[in-house]
Amino acid sequence: MLMPKRVKFRRSQRGRRKGISTKGCQLNFGKYGLKAIECGWFRDNQIEAARVALTRKVQRGGKIWIRVFPDKPVSKKPAETRMGKGKGTPDHWVCVVRPGRVLFEIEGVPRELAREAMRLCAHKLPFRTEFVER
């Protein structure tokens, strides 16, 4: 799974998922892309599942860029634990996604194949997305 090699703090606060994305909202590498139109947390296993769906559809054709990385730890306490006794241990990693953020980019494939691959990829995501092109 994707996770940072090292972080300054093991646990972080949840934060607020509001506003629009100001960075990473334009296509920089590929010709086609998948852009988020809702906010949410993008888990490390969801990124991997979307990447696998994308690469299986294009079958070694074209180049794929993943524009997000999970760098926020989410902690979880064990089941049937009483309240108190501090914050739980880190359970998984997420990437905070706001509307307008480009998640994946692709080039070197026909438009219809890229659209179909992004559609399959979008089924693995926890928020709504749209297909964009340069």
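I'd love a proper account of the state of the cysteines, names of residues and values included.
Each disulfide consists of a covalent bond between the sulfur atoms of two cysteine residues. Per the stated rule, a full pass over the model turns up zero disulfides. No disulfide involves Cys39; its nearest neighbouring cysteine sulfur is the one of Cys95, lying 12 Å away. Its relative accessible area of 33% is what places Cys39 among the partly exposed residues.

Describe the sheet that holds strand β6 (residues 102–107), naming the residues involved and giving the relevant values.
One open sheet holds the four strands; their spatial order is β3-β6-β1-β7, and the pairing between them is antiparallel. Strand pairing shows two members of the sheet lacking a second neighbour, β3 (63–66) and β7 (129–133), which therefore form its edges. Sheet twist, expressed as the average angle between the axes of neighbouring strands with direction ignored, equals 20 degrees. Pairing geometry for β3 and β6, over four bridges, is antiparallel. Within the sheet, the bridge partner assigned to Ile64 lies in β6 and is Ile106. On top of the sheet, helix α2 (residues 111–122) reaches β1 (32–36), β6 and β7; it is set at about 30 degrees to β1, its chief contact.

Pulling in residues and values, what's your account of the packing of aromatic side chains?
All chains considered together, the criterion is met by four aromatic pairs. Plain terms: the ring middles of Phe29 and Trp65 are 5.7 Å apart, the flat faces sit at 20 degrees to each other, and that makes the pair stacked. One end of the pair, Phe29, is in the segment before β1; the other, Trp65, is in strand β3, and 36 residues separate them in sequence. On the basis of relative accessibility, which here comes to 44%, the residue Phe29 falls in the partly exposed class.

Run through the pattern of salt bridges, naming residues and quoting values.
In total, this model carries six salt bridges according to the counting rule given. When the shortest N-O distance is used, the salt bridge between Arg67 and Glu105 registers 2.2 Å. With Arg67 in the loop between β3 and β4 (72–76) and Glu105 in strand β6, this pair connects stretches of sequence that are 38 residues apart. Under the relative-accessibility criterion, Arg67 is labelled buried at 15%. Looking at Glu105, the relative accessible area reads 0%, which means it is buried. Between Arg111 and Glu133 there is a salt bridge, and its shortest N-O distance comes to 2.8 Å. Of this pair, Arg111 sits in helix α2 while Glu133 sits in strand β7, and the two are 22 residues apart along the sequence. For Arg111, a relative accessible area of 32% puts it in the partly exposed group. Using a relative accessible area of 37% as the deciding quantity, one classes Glu133 as partly exposed. Each of the salt bridges in this network shares a partner with another, and the network as a whole consists of Arg111, Glu112 and Glu133.

Procedures and definitions
Residues numbered from 1 in each chain as written. Predicted model: local features only at pLDDT ≥ 70, side-chain atom pairs only at ≥ 80, totals over all residues. Heavy atoms only, no water. Disulfide = S-S within 2.5 Å. Buried < 20%, exposed > 50% of the residue type's maximum accessible area, 1.4 Å probe, protein only. Pairing = 2+ DSSP bridges. Helix = DSSP H or I, 4+ residues; strand = E, 2+ residues; numbered from the N terminus. Axes fitted to C-alpha atoms, helices over the stretch in contact; angles between N-to-C directions. Contact = heavy atoms within 4.5 Å. Phe/Tyr/Trp six-rings, centres within 6.5 Å; stacked < 30°, edge-to-face > 60°. Salt bridge = Lys/Arg side-chain N within 4 Å of Asp/Glu carboxyl O.

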